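Structure at a glance
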Amino acid sequence: MTAFKTIRARAEKRKGGPKALAKLLPAKPDPKALARLGDDRILAEMARRVFCAGFAWSVIETKWPGFEKAFLGFKPGPLSLKPDEFWDDLMKDTRIVRNGAKIMSVRANASFVRDIAREHGSFGKFLANWPSSDEAGLLELLAKRGSRLGGNTGQMMLRFLGWDGFVTSRDVVLCLRDAGLDIAETVTSKRDLAKVQAQFNAWAEETGLSYVQISRICALSIGENYTAEKLESMMGGDD
């Protein structure tokens with residue numbers, strides 16, 4: 001495998017030097033801040049990522065105040081107790097994107113968040129205590145116990161919540177493959193995800209960087225070389 005210092009040097013060259021690259025890196029995530037997040041904000045981010053999947057993010061962001069009102073502030077307890085009629089009415093609610101499967105995922109995830117909170121004190125505390133060295137295990141749990149939280153949706157949810165993990169975006173995977181990791185062009189199998197996890201663990205130990213920083217450097221080291229201005233408009237958490 002290529003040493004990470006080589007990948008970082010390539011990213012620095014593409015972005016105008018070490019200082020220019022440093023400005024494009026996210027801050028190291030704060031587990032304490034994550035632990036303080038309310039369960040309503042966890043559920044809201046789950047819903048936001050589910051609705052953004054396969055849809056124009058700008059549309060979801062524009063309508064988001066309506067989502068907050070329609071879903072009662074995303075409070076897991078009250079939502080998980082709402083009758084079928086409440087959810088049926090949401091299918092006709094113009095304040096939100098009326099996708100039946102995604103609307104019902106909020107109902108399922110309200111129960112999921114509530115259950116995890118009962119087990120661990122809060123969902124934020126649960127996430128804050130889960131090690132970055134086992135993101136693969138966390139993603140498996142999200143896919144099994146949550147609704148529509150598998151794959152990239154789960155990764156992006158964790159990223160936007162402030163959990164320290166990687167995202168297997170196109171450029172990150174391209175970087176890993178270029179560095180010598182034997183994985184598919186799209187990481188979907190447990191086998192490939194385990195390989196990605198092991199490599200990020202090795203690079204984290206090698207560099208002392210957070211997983212989000214390693215993920216971002218990988219993405220900036222290869223593929224389309226966007227300008228700093230373009231990157232700023234794109235980087236809401238994605239690599």
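About the thresholds
Residues numbered from 1 in each chain as written. Predicted model: local features only at pLDDT ≥ 70, side-chain atom pairs only at ≥ 80, totals over all residues. Heavy atoms only, no water. Phe/Tyr/Trp six-rings, centres within 6.5 Å; stacked < 30°, edge-to-face > 60°. Buried < 20%, exposed > 50% of the residue type's maximum accessible area, 1.4 Å probe, protein only. Helix = DSSP H or I, 4+ residues; strand = E, 2+ residues; numbered from the N terminus. Lys NZ or Arg CZ within 6 Å of the ring centre and 35° of its normal. Domains from an automatic or database assignment. Buried area = accessible area lost by both parts, 1.4 Å probe. Salt bridge = Lys/Arg side-chain N within 4 Å of Asp/Glu carboxyl O. Polar contact = N/O pair within 3.5 Å; in protein donor to acceptor, adjacent residues only side chain to side chain. Nonpolar A, V, L, I, M, F, W, Y, C, P; charged D, E, K, R; others polar.

1. Observations concerning the packing of aromatic side chains
Counted by the stated rule, this structure contains 16 aromatic pairs. For the pair F86 and W87, a centre-to-centre distance of 5.1 Å together with 85° between the ring planes defines the contact as edge-to-face. Both residues of the pair, F86 and W87, belong to the buried class. Aromatic pair F200 and Y211: ring centres 6.4 Å apart, planes at 15°, arrangement stacked. In this pair, F200 is assigned in helix 13 (residues 190-207) and Y211 in helix 14 (residues 211-220), connecting sequence segments 11 residues apart. Y211 shares its class with F200; the two are buried. Among the aromatic residues, those joined into a ring-pair cluster are F51, W64, F67, F71, F74, F86 and W87. One Lys or Arg, R49, reaches over the ring of F160 and ends 3.8 Å from the middle of that ring. Between the NZ or CZ atom of K82 and the centre of the ring of F86, over which it lies, the distance is 5.5 Å.

2. A closer look at the domain arrangement of the protein chain
When cut into domains, the protein chain gives domain 1 (4-29 + 166-236) and domain 2 (32-161). A C-alpha centroid distance of 26 Å is found between domain 1 and domain 2. The junction of domain 1 with domain 2 conceals about 1000 Å² of combined surface from both sides, 49% of it contributed by carbon and sulfur atoms. When residues of domain 1 are sorted by the area they lose upon contact with domain 2, F166, V167 and Q197 head the list and together hold 42% of the total. With a shortest N-O distance of 3.1 Å, K190 and E140 are connected by a salt bridge. Here domain 1 is connected to domain 2 by eight residue pairs in polar contact (both at pLDDT 80 or more). Secondary-structure elements contributing two or more residues to the side of domain 1 that touches domain 2 are helix 13 and helix 14. Classifying every residue of the side of domain 1 that touches domain 2 by side-chain character gives five nonpolar, five polar and two charged.

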